[in-house]
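Each chain, written out:
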Amino acid sequence: MTQVVTLEQVLELAKQLSLVDKINLIEKVTPEIKRELNIEPKPRRSLRGLWRGANISDEDIAEVRQEMSLNFPRESI
């Protein structure tokens with residue numbers, strides 16, 4: 001016969017664990033919870049080719065650098 005364990009009982013037992021054991025408990029329970037919730041990490045979108053077709057020239061970069069350096073270094077710093 002299977003014994004039913006309540007949340008309160010589990011919390012009382014968890015309070016008696018050392019900090020390291022509490023962390024180990026969390027690490028072991030988390031994957032099971034994710035599996036039960038069917039949480040899958042979203043695939044990351046590749047940044048390769050992000051700027052393709054932007055047509056930024058060397059002159060454009062030089063112009064922006066010059067604009068940025070006009071107020072550098074500021075006196076207020």
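Since the structure is predicted, the reported quantities are computational estimates derived from the model, not experimental observations.

Novice: It is not clear to me how the overall build of the protein should be interpreted in this structure. Could you clarify?
Specialist: Across its full length, the protein carries 3 helices and 0 strands. Beginning at the N terminus, the succession of helices and strands in the protein can be written as α-α-α. Relative to a compact globule of 77 residues, whose C-alpha radius of gyration would be 11 Å, the protein shows 28 Å and is clearly more extended. In terms of overall dimensions, the protein has a C-alpha envelope of 80 × 40 × 15 Å along the principal axes. With an accessible surface of roughly 8,500 Å², the protein has 57% of that area assigned to carbon and sulfur atoms. Charged side chains in the protein number 12 positive and 13 negative. The centres of these two groups are separated by 5 Å.

Conventions used here
- Residues numbered from 1 in each chain as written.
- Predicted model: local features only at pLDDT ≥ 70, side-chain atom pairs only at ≥ 80, totals over all residues.
- Heavy atoms only, no water.
- Helix = DSSP H or I, 4+ residues; strand = E, 2+ residues; numbered from the N terminus.
- Rg over C-alpha atoms; globule rule 2.2 N^0.38 Å.
- Areas by Shrake-Rupley, 256 points an atom, 1.4 Å probe, with all protein chains shown as cover.
- Lys, Arg positive; Asp, Glu negative; His and termini not counted.
- Charge placed at Lys NZ, Arg CZ, Asp CG, Glu CD.

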